[in-house]
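These are the residues of each chain, in order.
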Amino acid sequence: MIQKNWTGKTADEFNHLLSIPELAKIACMSVRNLQLMFKAYTSETLHQYIIRTRMEYAQQLLKDKNMSITEICEYIGFANQSALNNALQKKYNLTPRELQKKLLETTHVYPSPIPLCRIVESETIPILFLSYTGDYNTCSSVAFEAYTWDYLYEYAKENSLLPNKEDYWGIAYDDTDITSSEKCRFYTCMTIQRGTGFSPSLTSQIKYMELPQSTYAVYTHQGDYALLDAFYETILKQLPQSYCLGETPILEHYLNSPTDTEVKELLTEVWIPIVQ
């Protein structure tokens, strides 16, 4: 709801639909229970979460440079540009222009040439996934792999969900130049058989979804996961001609594992959704 296009809507409508009483109705909970449960899971109040996520989205739009500041203001549901200016000043002590300049000055340099991408028309991919919030650097550790992808594998095996060949994926939802490391969201994912009709219990840590059908530009990174930020920054500037970035998540497809592969030999495909 925070990241939908609010152009043409009033700021009052945004504030009403994202008010705690309205969110409690959606969650089928009392206001008090929603507030308690939300803070227990996220270590933030709902109000803090909405402000932070909205400001981070504003930063992402400023960094992308696809909209004017006036358009960004309307897109994220502010009454006027002064309201956006005040919100950013209060949160970061910077004007929109100053914040945009700071974001664009932050660069990550990839150390080697990147081969051309291949274009893939992908069907939906059924997966099990675990959600993680925290420093992305942790995701490359052997301990993290045992807690996540190994756990997914054992769960799929116990429930007779293993496909002929399992594949391992990741979805990094946040930009580390914008979101603080302890708030970064990541899904560890593993493919399962198609057509099983499987649905984990609501209380299970493991969830099910389908990676969306889409056209993807697929680039291959070899080496340390720590270079992925620089890899992303480079490939997003060289999307195939006549294509632009789609709205579905960017996917990471892991072709081998740090548990049995030297860092310099690690292979990661980055699947970027594209539209013409």
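Residues numbered from 1 in each chain as written. Predicted model: local features only at pLDDT ≥ 70, side-chain atom pairs only at ≥ 80, totals over all residues. Heavy atoms only, no water.

**Side note on the overall build of the chain**
- Along the chain, the regular secondary structure elements total 10 helices and nine strands.
- Taken over C-alpha atoms, the radius of gyration comes to 20 Å for the chain, in line with the 19 Å a tight globule of 276 residues would show.
- In terms of principal-axis extent, the alpha carbons of the chain reach across some 55 × 50 × 35 Å.
- Within the span of the chain, comprising 276 residues, buried residues form 42% of the whole.
- Here the contacts in the chain between residues at least 6 apart in sequence split such that 70% fall between residues at least 24 apart.
- When the accessible surface of the chain is summed, it comes to about 15,700 Å², and 51% of that surface belongs to carbon and sulfur atoms.
- Here the chain carries 23 positive and 33 negative side-chain charges, and the mean point of each set is 8 Å from the other. (Helix = DSSP H or I, 4+ residues; strand = E, 2+ residues; numbered from the N terminus. Rg over C-alpha atoms; globule rule 2.2 N^0.38 Å. Buried < 20%, exposed > 50% of the residue type's maximum accessible area, 1.4 Å probe, protein only. Contact = heavy atoms within 4.5 Å. Areas by Shrake-Rupley, 256 points an atom, 1.4 Å probe, with all protein chains shown as cover. Lys, Arg positive; Asp, Glu negative; His and termini not counted. Charge placed at Lys NZ, Arg CZ, Asp CG, Glu CD.)

**What about the packing of helix H2 (residues 20-27) against helix H3 (residues 31-42)?**
- Relative orientation of the contacting elements H2 and H3 amounts to 85 degrees, with a least axis distance of 9 Å. Accordingly, the angle class assigned to the pair H2 and H3 is roughly perpendicular. Side by side, H2 and H3 meet where Ile20, Pro21, Leu23, Ala24 and Ala27 of the first sit next to Val31, Leu34 and Gln35 of the second.
- In the contact of H2 with H3, the residues fall into seven nonpolar, one polar and no charged. (Axes fitted to C-alpha atoms, helices over the stretch in contact; angles between N-to-C directions. Parallel < 35°, antiparallel > 145°, perpendicular 65-115°, else oblique. Nonpolar A, V, L, I, M, F, W, Y, C, P; charged D, E, K, R; others polar.)

**Some thoughts on the packing of aromatic side chains**
- Summed over the entire model, instances satisfying the criterion amount to 16 aromatic pairs.
- Both rings, one in Tyr57 and one in Tyr75, keep their centres 6.3 Å apart while their planes meet at 50 degrees; by these two values the pair is tilted. With Tyr57 in helix H4 (residues 46-64) and Tyr75 in helix H5 (residues 69-75), the pair connects residues that are 18 residues apart, well separated along the chain.
- Assessed through its relative accessible area of 14%, Tyr57 is described here as buried.
- A relative accessible area of 17% places Tyr75 in the buried class.
- Ring plane angle 75 degrees and centroid distance 5.0 Å describe the contact between Tyr173 and Tyr187, whose orientation is recorded as edge-to-face. Within this pair, whereas Tyr173 is found in the loop between strand S3 (168-172) and strand S4 (185-191), its partner Tyr187 is found in strand S4, the two being separated by 14 residues in sequence.
- Ring pairing ties together the aromatic residues Tyr132, Tyr136, Phe144, Trp149, Phe186, Tyr225 and Tyr254, which thus form one cluster.
- The ring centre of Trp6 lies 4.5 Å from the NZ or CZ of Lys4, which sits over that ring. (Phe/Tyr/Trp six-rings, centres within 6.5 Å; stacked < 30°, edge-to-face > 60°. Lys NZ or Arg CZ within 6 Å of the ring centre and 35° of its normal.)

**Concerning a nonpolar patch on the surface**
- Together, Met29, Met37 and Tyr41 make up a nonpolar patch on the protein surface, roughly 340 Å² of accessible area in all.
- Summarising the element assignment, Met37 is placed in helix H3. (Patch = residues over 30% accessible without salt bridge, like charges linked within 9 Å, V, L, I, M, F, W, Y side chains within 5 Å. Salt bridge = Lys/Arg side-chain N within 4 Å of Asp/Glu carboxyl O.)

**Section: the pattern of salt bridges**
- Summed over the entire model, instances satisfying the criterion amount to 10 salt bridges.
- Residues Asp175 and Lys63 are paired through a salt bridge, measuring 2.7 Å at the closest nitrogen-oxygen approach. Taken together, the residues Asp175 in the loop between S3 and S4 and Lys63 in helix H4 connect sequence positions 112 residues apart. Residues Asp175 and Lys63 agree in their burial class; the two are buried.
- Among the salt bridges present, the one from Asp174 reaches Arg185, with a minimum N-O distance of 2.9 Å. Here the residue Asp174 occupies a position in the loop between S3 and S4, and Arg185 occupies one in strand S4, the gap between them amounting to 11 residues.
- Since its relative accessible area comes to 33%, Arg185 is described here as partly exposed.
- Salt bridges sharing common partners tie together Glu44, Arg52, Glu56 and Lys183.

**Details of the environment of Thr196**
- With respect to the helices and strands, the residue Thr196 is situated in the loop between S4 and strand S5 (207-211).
- For Thr196 and Leu161, which are 35 residues apart along the polypeptide, the C-alpha to C-alpha distance reads 7.6 Å.
- A distance of 3.2 Å separates a polar side-chain atom of Thr196 from the backbone nitrogen of Phe198. (Polar contact = N/O pair within 3.5 Å; in protein donor to acceptor, adjacent residues only side chain to side chain.)

**Quick notes on helix H7 (residues 96-105)**
- Every buried residue belonging to H7 is among Pro96, Leu99, Gln100 and Leu103, and all of these are buried. Considered in projection along H7, the buried side chains sweep an arc of 100 degrees and stay on one side of the axis. Residues of H7 that are exposed and angled more than 90 degrees away from the buried face: Arg97, Lys101 and Lys102. (Arc of directions from axis to C-beta.)

**Some details on the layout of surface pockets**
- Each pocket or cavity is described by its volume, and for the second largest pocket that value is around 390 Å³.
- Around the second largest pocket, the lining comprises 15 residues; the ones closest to its centre are Asn15, His47, Ile50, Ile51 and Arg54.
- Counting residues per element, the lining of the second largest pocket draws most heavily on H4, which supplies five residues.
- Grouping the amino acids of the lining of the second largest pocket by side-chain chemistry returns eight nonpolar, four polar and three charged. (1 Å grid on protein atoms, 1.4 Å probe; cavity = no way out; pocket = protein on both sides within 12 Å on 5 of 7 lines; lining within 4 Å. Points joined across faces, edges and corners; volume = space filled by probe spheres on them.)

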